[in-house]
Amino acid sequence: MIKSVISSLQKMFVEQYSTTIAPYHLLFNEQFMARYTSYYSWQQFLRNGYFDTVDIQNIINSNKEEWDQFIAQTTHFSTWSEMLNKAQEQYVLERPDGPYQLM
C-alpha cells in the first residue's frame, strides 16, 4: 500500500517536472552514463560518436535517424527520446528540491 502511494507520488512529481529539460551535462551525469552506456561521461559519449559538442541540439534535430541509430548501438535505449525521458526522470527523482540544482 505504502509502496503504491510513493510510486504514485513519484510519478506525479516526474510528470510535473520532466517537461523542463535540464542541461544535458547535468541530465547525463557520470552515474547515468556508467549505468546505461559504455561511456563514463557525456563528453566521451559525444566524442566517440564524432558529434560536435557545441551544437549537439542542432545535430539531434537535423539527423534524427542517425542520432537514434547511434543511441541504439551505444546505449541500453532504442531511441533518443527514450534515453532523454529516462535521464529526466532520474534527474527529477534525485533532486527533490528542484530540477536545476547545480552540483
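Residues numbered from 1 in each chain as written. Predicted model: local features only at pLDDT ≥ 70, side-chain atom pairs only at ≥ 80, totals over all residues. Heavy atoms only, no water.

A. Representation of the overall build of the chain. Secondary structure assignment for the chain yields 7 helices and 0 strands. Looking at the 103 residues of the chain, the share that counts as buried comes to 38%. For the chain, the accessible area works out to roughly 6,800 Å², and carbon and sulfur atoms hold 52% of it. (Helix = DSSP H or I, 4+ residues; strand = E, 2+ residues; numbered from the N terminus. Buried < 20%, exposed > 50% of the residue type's maximum accessible area, 1.4 Å probe, protein only. Areas by Shrake-Rupley, 256 points an atom, 1.4 Å probe, with all protein chains shown as cover.)

B. Region of the structure containing the packing of aromatic side chains. As enumerated under the stated definition, the model contains 16 aromatic pairs in all. Seen in terms of ring centroids, W67 and W80 are 5.4 Å apart; in terms of plane orientation they differ by 65°. Their pairing is edge-to-face. One end of the pair, W67, is in helix 6 (residues 64-74); the other, W80, is in helix 7 (residues 80-94), and 13 residues separate them in sequence. W80 carries the same exposure label as W67, and that label is buried. (Phe/Tyr/Trp six-rings, centres within 6.5 Å; stacked < 30°, edge-to-face > 60°.)

C. Quick look at the confidence of the model for the chain. Residues of the chain with pLDDT of at least 70 account for 69%, and the chain-wide mean is 78. Per-element confidence in the chain ranges from a low mean pLDDT of 55 for helix 1 (residues 2-17) to a high of 95 for helix 3 (residues 30-36). Note that residues 12-19 has pLDDT below 50 and, in this model, 10 contacts with residues that lie over four places away or in other chains. (pLDDT = per-residue confidence, 0-100. Contact = heavy atoms within 4.5 Å.)

D. Structural context of the pattern of salt bridges. Applying the stated criterion across every chain yields a total of 2 salt bridges. Between K64 and D68 there is a salt bridge, with its nearest N and O atoms 3.4 Å apart. Taken as a pair, K64 and D68 lie in helix 6 at a separation of 4 residues, close to a single helical turn. For K64, a relative accessible area of 39% corresponds to the partly exposed category. As a salt-bridge pair, E89 and K86 come within 3.7 Å of each other at their nearest N and O atoms. Remark: K86 and E89 occur in helix 7; sequence separation between them is 3 residues, near one turn of the helix. (Salt bridge = Lys/Arg side-chain N within 4 Å of Asp/Glu carboxyl O.)

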